[in-house]
Amino acid sequence: MNTYRPMLAGDAKAPFSSPKWIFEIKWDGIRALSYVDEELSIRSRNVKELKDRFPELEELKELAERVVLDGEIIVMREGRVDFHAVAKRNQVIASKEIDLQRRTYPATYVVFDILERAGAPLTDKILTERKRVLKKSVKEGKHVVLSSYVEENGVAYFQAALQRGLEGIIAKKKDSRYVEGRSDSWLKIKKMKTCDCAIFGYTRGCGNRGKTFEALVLGLYDDKDPIYIGKVGTGFSQDDLEELMELFKELEVDNETIPSVDAPDMVMWLRPELVCEVGYHSVTRNVRLRIPRFLGMRTDKSPKDCTLNQIISKDLGKYASMRDFSKTPEPPGGDKKEEGDIFVVQEHQARRLHYDLRLERNGVLKSWAVTKGPPEEPGIRRLAVEVEDHPLEYGWFEGTIPIREYGAGTVKIWDRGVYEPIAWDESKIEFLMQGTRLSGRYVLVRLKRSRKKDWLLLKAEDQR
């Protein structure tokens with residue numbers, strides 16, 4: 001059998017319906033690829049063997065032959081999916097405790113895809129074909145079920161999932177091939193924002209938490225460097241508090257493990273070897289999680305997988321690196337999601353007056369600094385210098401960027417509206433604009449003999 005890495009879902013802006021997509025429940029468990037042959041192997045995302053921790057899933061050998069399956073291991077408690085329970089089971093290594101947990105909190109393997117059958121890879125088959133093969137190849141059992149799905153009606157299905165206490169759904173393109181790693185052909189649609197964070201320390205508890213801790217110190221990695229994103233002190237059960245304190249004993253160190261933490265003298269520092277999932281409302285201007293809540297431990301993920309682009313788009317890395325959000329009023333990104341194609345033109349009274357044209361594209365605002373402002377009549381050309389991508393929230397930004405900060409000066413919205421892209425490639429972007437001041441067909445053309453960032457912006461003659 002071939003070895004595979006799982007296909008991962010991107011993030012959707014909002015629930016949607018489409019005849020080109022199917023919609024499945026987003027199960028809150030442990031992602032696992034199962035290799036079913038004479039011997040059974042069940043592997044997590046980080047290639048950790050799971051079959052010994054979940055012995056009831058040996059049932060797979062009776063339900064399928066010579067297949068590679070993709071699915072989620074879940075545990076149900078009181079009619080609801082309980083991630084804490086499945087994560088706890090994944091930490092147990094003693095055989096007696098494994099057997100007790102199996103009888104107390106039995107696991108279910110929800111199978112949603114098939115990657116190989118009888119030695120033949122199926123990853124180049126479209127999703128609907130793989131679903132058909134899956135149904136023929138795998139029987140359901142006491143601990144193994146096939147994931148059901150609906151077609152087209154994603155909005156209604158999402159609302160139904162929330163009413164059942166589930167965290168969301170997964171949208172999948174019907175014609176999608178199975179590709180390893182992140183893909184926009186699969187999209188997560190969740191009721192709350194979440195991110196997986198590395199734990200760098202904790203603050204000592206007081207009162208009812210006198211024997212445990214008050215909050216966890218969280219960080220995310222930007223390339224190799226950890227970035228402090230705040231503390232989380234809510235969402236813990238008493239069992240969580242006590243179990244984490246036991247884990248911390250082996251990880252305590254004397255030196256600071258992440259910079260820029262508030263009140264560092266109150267922190268007990270830890271080697272960053274543990275990962276937890278945190279829910280949050282939004283991201284503050286100084287890149288801190290707003291209203292964070294502990295959701296559970298993630299034993300299937302490495303701290304290095306906890307990257308900053310979970311809360312700030314990877315396309316905004318340059319934007320973020322050029323700004324100190326504790327000083328500038330500019331938005332860091334991660335709060336607003338806008339449906340449709342918007343544009344904004346901002347008058348920027350910086351060292352030199354110019355106008356910033358921004359077009360929404362793939363979740364960010366593609367941006368150009370335009371000398372003298374966008375042309376309002378055909379025949380006028382303006383130099384447009386491409387700059388770093390900006391977050392969607394910048395489409396509403398007005399304010400004064402302080403002296404000595406990048407782009408210092410006053411920013412005002414000059415025009416705003418929607419646009420329709422006609423053509424978009426490396427050398428030419430053509431689009432229709434409909435705003436308060438600007439309307440009609442516009443073209444951006446890259447200058448071949450100049451810097452790669454230099455474009456010409458012109459208004460085209462109306463086509464009649």
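Below: a short report on this structure. (Residues numbered from 1 in each chain as written. Predicted model: local features only at pLDDT ≥ 70, side-chain atom pairs only at ≥ 80, totals over all residues. Heavy atoms only, no water.)

**Notes on the packing of aromatic side chains**
Aromatic rings in a pair are described by how distant their centres are and how their planes are angled relative to each other.
In step 1: A complete count under the given rule lists 17 aromatic pairs for this structure.
In step 2: Between F16 and W21, the ring centres sit 5.2 Å apart and the planes meet at 85°, which makes this aromatic pair edge-to-face.
In step 3: Using a relative accessible area of 9% as the deciding quantity, one classes W21 as buried.
In step 4: Summarising the aromatic geometry, the rings of Y178 and W186 are spaced 5.8 Å apart at their centres and angled 85° between planes, so their arrangement reads as edge-to-face. The pair Y178 / W186 is uniform in exposure class, with both members buried.
In step 5: Clustering of aromatic rings is evident, with ring pairs tying together Y202, F213, F236, F248 and F294.
In step 6: Stacked on the ring of Y35, the Lys or Arg R43 has its end atom at 4.1 Å from the ring centre. (Phe/Tyr/Trp six-rings, centres within 6.5 Å; stacked < 30°, edge-to-face > 60°. Buried < 20%, exposed > 50% of the residue type's maximum accessible area, 1.4 Å probe, protein only. Lys NZ or Arg CZ within 6 Å of the ring centre and 35° of its normal.)

**Describing the environment of Q101**
In step 1: With respect to the secondary-structure elements, Q101 resides in helix α3 (residues 95-104).
In step 2: In this structure Q101 comes out as buried when scored by relative accessible area, which is 6%.
In step 3: Those residues within four positions of Q101 in sequence are excluded, and the remaining contacts are K88, R89, V92 and P106. (Helix = DSSP H or I, 4+ residues; strand = E, 2+ residues; numbered from the N terminus. Contact = heavy atoms within 4.5 Å.)

**So, the side chain of S18**
In step 1: As for its placement among the helices and strands, S18 is situated in strand β2 (residues 18-25).
In step 2: When its relative accessible area of 14% is taken as the criterion, S18 is described as buried.
In step 3: The residues touching S18, leaving out its near neighbours within four places in the chain, are F23 and E152.

**Overview of the nonpolar core**
In step 1: Within the largest apolar cluster, 43 residues are counted, with the highest numbers of intra-cluster contacts made by F213, L216, L218, F248, L289 and I311.
In step 2: Breaking this core down by element, the ones donating at least two residues are β13 (193-204), β14 (213-222), β15 (225-232), α6 (238-248), β17 (275-280), β20 (293-297), α7 (317-321) and β23 (364-370).
In step 3: With residues up to four places along the chain from it excluded, the contact list for F248 reads Y202, F213, L216, L270 and L274.
In step 4: One finds I30, L40, L63 and L69 within the second-largest nonpolar core, a separate group that totals 28 residues. (Core = buried A, V, L, I, M, F, W, Y, C linked by side-chain atoms within 4.5 Å.)

**Let's talk about the pattern of salt bridges**
In step 1: Summed over all chains, the structure comprises 25 salt bridges.
In step 2: Its salt-bridge partner being R103, residue D99 comes within 3.2 Å of it at the nearest N-O pair. Taken together, the residues span about one helical turn, with D99 and R103 both in helix α3 at a distance of four residues.
In step 3: Exposure remark for D99: the relative accessible area of 29% places this residue in the partly exposed category.
In step 4: Assessed through its relative accessible area of 53%, R103 is described here as exposed.
In step 5: Put simply, E386 and R446 hold a salt bridge, and the shortest N to O gap is 3.9 Å. In this pair, E386 is assigned in strand β24 (residues 381-390) and R446 in strand β28 (residues 439-446), connecting sequence segments 60 residues apart.
In step 6: The exposure class of R446 is partly exposed, given its relative accessible area of 22%. (Salt bridge = Lys/Arg side-chain N within 4 Å of Asp/Glu carboxyl O.)

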